[in-house]
Amino acid sequence: MIEDVVILMSLINKNIQFVSGSISITENMNKQRVSMPFSEETLLFFDALSMSILKTPESKKFSDLVAFAFWCRKKHLLKFKNSKNNLDSSLGLGLLFHIAPSNVALNFAYSLAIGLLAGNNNIVRISSKPFLQVQLLLKIMNQLLENDFFSFRSKICIVQYEYNAEITGYFSSLADGRLIWGGDETIKNIRTSQLKPNGIDVGFYNRNSIAIINADNYLVHENKKYLAQYFYNDTYLNDQKACSSPSIIFWIGENKSEAKAKFWSELTELVNEKYKILANQTIDKLEKFYEVALKYECQKIATSNELITRINLLEIDQEIFDYCCGNGFFIETDIESLIEILPVCSKKLQTITYFGLDAEAIKKTIIDNGVAGCDRIVKMGNALEFNTVWDGKDLIDTFSRKIVT
Amino acid sequence: MLDLSFLLDKDAFSFDNIRKRAIYKELLPQLVKHHYDNCLDYKKMLDVQSYDLSISILEDIPFLPVSLFKKYELKSMLDLDVYKVLKSSGTTGQNVSKIYLDKNNAALQQKVLLKIVSDFCQITRNPMLILDTSETIKNRLNFSARSAAILGFSLFGTDKCFAFDNDFKLDLSAVNLFLEKHRGKQIMLFGFTFIVWKYLYKQLVMQGIKLDLSDCILIHGGGWKKLKDEAVSNTEFKSSLKKQTSLKNIYDYYGMAEQTGSIYLECSEGHLHCSIFSEIIIRNATDFSECNIGEIGIVQVVSLLAQSYCGHSLLTEDLGKLIGIDDCKCGRKGKYFNITGRVEKSDDRGCSDTYEFN
């Protein structure tokens, strides 16, 4: 242990920044007790965090922060708790090391929540990108940890450091479990660092998502403005770069062209008002558009500016995901029946967002055909809503242990 | 193929905007049609957007992102006519662009380069000190933009000398000998910006040597991106060199492997100029509409020279602003502009990009 401390001290000199917690908390974390999943004190902590976020006026500027506050309300977390049995025979695994991605600002908060809700102590590495909502959330959380939830301090350390195999190796060597967000490359690189022998490693690899819209049900829906807002939240809110943001839209039903015209004109209005795009994003989209043009039989659909890019594909395959670059880049294709989505249901497919269809029918198509992909089927507007079951895994079960008698 | 011989007879900066637009209106649709007919990939890219081949307005000609040349062989000629493959000097780890030239296109680039540079200084009858190593141009199989530029420029000099040995150590005795031999004449210096800075200037400073280059003209280019880490500005570059070498005549140029030949040289007022062989359009990021004079946007470059490959209209990853048209104090006609930086390329793909691996 003394040796570990010496290693850590020398690492600190290499600029690990503790944005929450401290070096001594890290050092002692392995000696801390673990708790039962969804313990009352954990639920109270999140309820207090939720309330603090919502009563901080600045929070309103960040819709993702507000969404997190609603997500971590006790009332909402109880839904997850109530779906589980025998929690009183379970305990957290111990120490979890989280590597959060840099493209979705508040992903780290959900990852930390999983760790705490499963009953663990946590070290979270977050990106050094200066997200304002991250700074605000940390400020609010640290205040709670200094005051009413002082005892929780020993459970949470949040760090920032430039990539460094030694530091990652050190934190990993302490961990009973590791959550690697950030895609295939990151997973490959982080996995060169060993966990403890009992360590459980979960890598959230590169995924893509699709949407299915029933044109006729869309056309008769009375509040298309809301639907546009839902779709906007699913996509543009994170520059369409979250794994769960749909990049391919399947249109089903009779009046497809009428529905598309209406759908995109509603979205255009919203995007023009709210979305800002940068030069690198438009250049990236232009490049990907030409790449799609060279590989697929397709047609570009004219839009009023570069905020929305639409390409209509006549035939689709799973490789199309490699060309989806986010920032408002949409591949569209017409289908007559649900089985036509199967070509994209590879391991890469995570979420199916739908409107005007029956979730059970979509699920049945996936199950009956035994395809490798699709772990979530959610209503339009809920693409980014985090669930304790993610990428097909129950993360609470994964990061806790069961005691049998 | 476009016949540009009538342009080759003209001075490189002699057309005002109205005249130039009239000529481009005539030539550009022909050039687009040429590539459309001779490059299947180019045809596909236009067909997908239902492009109307009769479009003749400069700003409405489609533009390809330069990065496409890293992934596709966009050539408008038969394979057996490939004479040379130019490669961009991409940063480490990245793919390089490949530009396919036939004999005519390579010769045309050479002629235009000479015409443009000649407008700034006597280039053909002067001795030339090349600020690079002779090694750079030896490997013709792996022809980089740097070797192309050096070779292009060095053809013009009467006598030439390479300033560095193969390890980029300044060959001071050779340089001094060369300077001594041509004392009293105007000597041309040519090199890449980062090499001039890192290997010439820095070595001189470190060794405490002051060279007398007061009679010389330096033409340098190849971008500022490699000097970004050192945060050297154009002004600082010039004043530092002047201090160490008494070099007064320093011309930066803007150009790229994808459009070799039709380069943009910096005039005495500090502005880059479009010659009659090429044009720039500054575009807004949001809708690719044209920026107003003085507004910073993405630089699109249009060149009449790109004939054996589809590089006639490209969207670069550089940011710039138009300073004016036809009225630069230096007297040159046409558009003049400045390069202000580079578009920050992010590689956020999917949920990747947690770590920036070196």
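This section reports on the structure supplied with the text. (Residues numbered from 1 in each chain as written. Chains lettered and ligands numbered in written order. Predicted model: local features only at pLDDT ≥ 70, side-chain atom pairs only at ≥ 80, totals over all residues. Heavy atoms only, no water.)

1. Some words on helix H6 (residues 172–181) of chain B
All names here are of chain B. Which entries qualify depends on this criterion: Buried means the residue's accessible area, taken with a 1.4 Å probe over protein chains only, is under 20% of the maximum for its type, while exposed means over 50%, and partly exposed covers the values in between. A helix here means a DSSP run of H or I that spans at least four residues, while a strand means a run of E at least two residues long, and both kinds are numbered starting from the N terminus. In this context, the arc is that of the directions from the helix axis out to the C-beta atoms. Residue contacts are defined here by distance: any two heavy atoms, one from each residue, within 4.5 Å place the two residues in contact.
What H6 keeps buried is the set Val175, Phe178 and Leu179. One face of H6 carries all of its buried residues, which in axial projection span an arc of 95 degrees. Across from the buried face of H6, at angles greater than 90 degrees, the exposed residues are Ser173, Leu177, Glu180 and Lys181. Where H6 is buried, its residues touch strand S4 (128–133), strand S6 (160–164), strand S7 (187–192) and strand S8 (216–221).

2. Let's talk about the nonpolar core
Just so we agree on the cut-off: Buried Ala, Val, Leu, Ile, Met, Phe, Trp, Tyr and Cys residues that are joined via side-chain atoms within 4.5 Å together make up what is termed a nonpolar core.
Ile248(A), Val292(A), Ile331(A), Phe153(B) and Ile219(B) are the most contacted members of the largest nonpolar core, which has 156 residues in total. It is helix H13 (residues 279–295) of chain A that contributes the most residues to this core, 8 residues altogether. Ignoring any residue separated from it by four or fewer positions in sequence, one finds Val292(A) in contact with Cys298(A), Ile311(A), Leu313(A), Ile320(A), Tyr323(A), Phe329(A) and Ile331(A). Judged by nonpolar contacts, the second largest core, of 52 residues, contains Phe45(A), Leu49(A), Ile126(A) and Trp181(A).

3. Things to note about the layout of surface pockets
Residues and elements named next belong to chain A. As a reminder of what qualifies: Here a cavity denotes a set of grid points, spaced 1 Å apart and computed over the protein atoms alone, in which a 1.4 Å probe fits but from which it cannot get out, and a pocket denotes an open set meeting protein on both sides within 12 Å along at least five of seven lines; residues with an atom within 4 Å of a point are reported as lining. Grid points are joined across faces, edges and corners, and a volume is the space filled by probe spheres set on the points. All amino acids are sorted into three groups, where Ala, Val, Leu, Ile, Met, Phe, Trp, Tyr, Cys and Pro are nonpolar, Asp, Glu, Lys and Arg are charged, and the leftover types, Gly among them, are polar. For the domain bounds, the source is a domain assignment made automatically or taken from a database.
Considering only enclosed or pocket space, the second largest pocket measures out at about 790 Å³ in volume. Along the walls of the second largest pocket sit 35 residues, with Ala67, Tyr110, Leu384, Glu385 and Phe386 positioned nearest its centre. Put simply, the parts of the chain that give the lining of the second largest pocket at least two residues each are helix H4 (63–71), helix H6 (107–117) and helix H11 (224–234). It is H4 that contributes the most residues to the lining of the second largest pocket, 5 residues altogether. Each residue belonging to the lining of the second largest pocket can be placed in one class, and the counts come to 18 nonpolar, 11 polar and 6 charged. Residue assignment places the lining of the second largest pocket across two domains, with domain 1 (2–206) and domain 2 (208–379) each supplying three or more.

4. Side note on the pairing of strand S7 (residues 200–203) of chain A
All names here are of chain A. Rule in force here: Two strands are said to pair when DSSP picks up at least two bridges between them. When the strands point away from the viewer, a crossover counts as right-handed if the route from the first strand across the helix to the second turns clockwise.
As defined by bridge partners, strand S6 (residues 177–180) adjoins S7 across 4 bridges and the pair is classed as parallel. For Gly177, the partnering residue across the bridge sits in S7 and is Ile200. Handedness of the crossover is the feature at issue here: the chain leaves S6, passes through helix H9 (residues 183–190), returns alongside S7, and the resulting connection is right-handed.

5. Some points on the sheet that holds strand S5 (residues 156–160) of chain A
Residues and elements named next belong to chain A. Worth spelling out the cut-off: Note on definitions: angles span 0 to 180 degrees between N-to-C directions of axes, and those axes are lines fitted to C-alpha atoms, for helices only across the stretch in contact.
In spatial order, the strands read S1-S5-S4-S3-S6-S7; together these 6 strands make up an open sheet with mixed pairing. Edge positions in the sheet fall to strand S1 (17–20) and S7, since each has one partner strand and no second. Put simply, the sheet's adjacent strands are angled 20 degrees from each other on average, direction ignored. The sheet contacts of helix H8 (residues 165–174) involve strand S3 (95–99), strand S4 (121–125), S5 and S6, and relative to S3 the element is tilted by about 145 degrees.

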